[in-house]
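A closer look at the structure
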Amino acid sequence: MRFLHAADVHLDSPLRGLDRYEGAPVELLRDATRQSLEKLVTLAKTERVDFVILAGDLYDGDWQDYNTGVFFVQRMRDLERAGIPVYLIRGNHDAESRITSQLTLPPNVHSFSTEQPETKTLDHLRVALHGQGFARQAEPRNLAASYPPPLANHFNIGVLHTSLDGRAEHACYAPCTVADLVARDYDYWALGHVHQRETVSAARPRIEFPGNTQGRHAREPGAKGCLLVTTSGQQVTTEFRPLDVIRWQVVPVNAAEVENFNDLLEQIQSALTTAVDDAEGRLLAARLEITCPDAVRLSAAADLPKLRAELVARFEKEVWVEKIHWPQFRQTTTATPALSDDATSELRAVLTELQTDLAETQKKITTGECEKLFRNLPAELRSLLPDGLPEIIARAEVLLQTAGQETPA
């Protein structure tokens, strides 16, 4: 028996703020979740799987219009024509209380109840699937504790949208422990909610997070897709299959020994070339983390349009540079720099203080006493902060260097 285990499609997930990124492939980014679902359907038909599991967050919230639902129904009808059933549950993003628009699902699609755990069987395969969806977004209960006992002489699968015992960057919904899942005595747990692929347990029961099917931003890097699960008796094997059409990646650039802009450019090109190869023909959405000497950083950061233009010219449509970060700044001390009487020195002291704890400075921009000021900034300035602070500081340093040269001794 073989089936696909996918989760967190987030179909038509809104990608806000793309207009702030110059040269962003907006249409491709907006269509990426649809294309990943199409690739899932194609994979299911090509591999001739027995069924497909979608473990929550098929949608990203209520639809803007019916086109989102129409697209999903059409893809499910493709699977219906291929004789492939689909079993899905609702997660926190597409909980019953959040999706007010509804379309009739094809007969091959079963959505598990949100009121109580439910069991569906495929008698010809001797498979039992147990699941319960979210009735509301915030689900504090341990749903797994109420799942029914396994059916004898069946391969038992639990389908659950959960944070398990906690995962970074994911809200705590339907919390439970691995021991809770083991106690149900199932053969496989098809989990959703966590966007990073993870094998929680390779023993019986096999417990898997497949991750989401398409990364949506730089905090979701690496290959995204689903699991092709194969069973033989009580043996279970999983094979990751990528479905993403855009590969997000944080690309470190170690250019500590470069001496000028051209050398830096060569180092960036080398790092991006490796990342492009890893993306295997997909568009690479890259966030550059560049470590280089201070003088080279100042020069490059002061003319970012030139740096971006050089990268576009070299990689054409293979790479979109989402952001450029400069994590290495000059060594600073916690002592407050001595101030002289001129404004240039005072500004240099302020910049040094900002860089002493850059992360804390970035946090303060949008919180506390600065929050009201931040909200009143023009939109084009708000879009640069707080992530763009290192570049702003670098530009200011260049201006201050020039000012210092023009200031009489």
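Residues numbered from 1 in each chain as written. Predicted model: local features only at pLDDT ≥ 70, side-chain atom pairs only at ≥ 80, totals over all residues. Heavy atoms only, no water.

**Describing the sheet that holds strand β13 (residues 246–254)**
This is how it is decided: Think of it this way: DSSP has to see at least two bridges between two strands before they count as a pair. The way it works is that DSSP assigns letters per residue, a run of H or I at least four long becomes a helix, a run of E at least two long becomes a strand, and they are numbered from the N terminus. Every axis corresponds to a line fitted to the C-alpha atoms, with the helix fit spanning only the stretch in contact, and the corresponding angles, defined between N-to-C directions, vary from 0 to 180 degrees. The contact criterion used throughout is that any non-hydrogen atoms of two residues lie within 4.5 Å.
Taking strand neighbours across the sheet as the criterion, the 3 strands line up as β13-β14-β15 in an open arrangement whose pairing is parallel. Edge positions in the sheet fall to β13 and β15 (319–325), since each has one partner strand and no second. Taken pair by pair, the neighbouring strands of this sheet meet at an average axis angle of 25°, ignoring direction. Docked against the sheet, helix α6 (residues 304–315) engages β14 (283–291) and β15, running at close to 150° with respect to β15.

**Concerning the sheet that holds strand β8 (residues 188–192)**
As summarised here, the arrangement of the 6 strands in space is β5-β6-β7-β8-β10-β9, forming an open sheet in which the pairing is mixed. Each edge of the sheet is formed by a strand with only one pairing partner; in this case those strands are β5 (118–122) and β9 (198–201). Taking the axes of each pair of neighbouring strands and ignoring which way they run, one obtains an average angle of 20° across the sheet.

**What to know about the packing of helix α1 (residues 26–47) against helix α2 (residues 67–81)**
To characterise two packed helices, one gives the angle between the axes of the helices and the distance between these axes. Note the following rule: Put simply, angles under 35 degrees are roughly parallel, angles over 145 are roughly antiparallel, angles from 65 to 115 are roughly perpendicular, and the rest are oblique. Residues are grouped as follows: nonpolar covers Ala, Val, Leu, Ile, Met, Phe, Trp, Tyr, Cys and Pro; charged covers Asp, Glu, Lys and Arg; every other residue, Gly included, is treated as polar.
It is the contact of α1 with α2, at a shortest axis distance of 9 Å, that shows an interaxial angle of 10°. Here α1 lies roughly parallel to α2, going by the angle between them. Between α1 and α2, the contacting residues are Arg34, Leu37, Glu38, Val41, Ala44 and Lys45 on the first element and Asn67, Thr68, Phe71, Phe72, Arg75, Met76, Asp78 and Leu79 on the second. Residues that form the contact of α1 with α2 fall into these classes: 7 nonpolar, 2 polar and 5 charged.

**Brief notes about a negative patch on the surface**
We count it as follows: Each patch is assembled from residues with relative accessible area greater than 30% and no salt bridge, linking like charges that lie within 9 Å and nonpolar side chains (Val, Leu, Ile, Met, Phe, Trp, Tyr) that lie within 5 Å. Accessible areas in this description were obtained via Shrake-Rupley with a 1.4 Å probe; residue shielding takes into account the shown protein chains only. By definition here, a salt bridge exists when the distance from a side-chain nitrogen of Lys or Arg to a carboxyl oxygen of Asp or Glu is within 4 Å. Residues counted as positive are Lys and Arg, residues counted as negative are Asp and Glu, and His and the chain ends are not counted. Charge placement uses NZ in Lys and CZ in Arg. For Asp and Glu, CG and CD serve respectively. The buried label goes to any residue with under 20% of its type's maximum accessible area, the exposed label to any with over 50%, and the partly exposed label to all in between, with areas taken from a 1.4 Å probe on protein chains only.
On the surface, Asp277, Asp278, Glu316 and Glu318 cluster together into a negatively charged patch. Relative to the elements of secondary structure, Asp277 occurs in helix α4 (residues 261–279). Assessed through its relative accessible area of 54%, Asp277 is described here as exposed.

Structural measurements only, silent on function.
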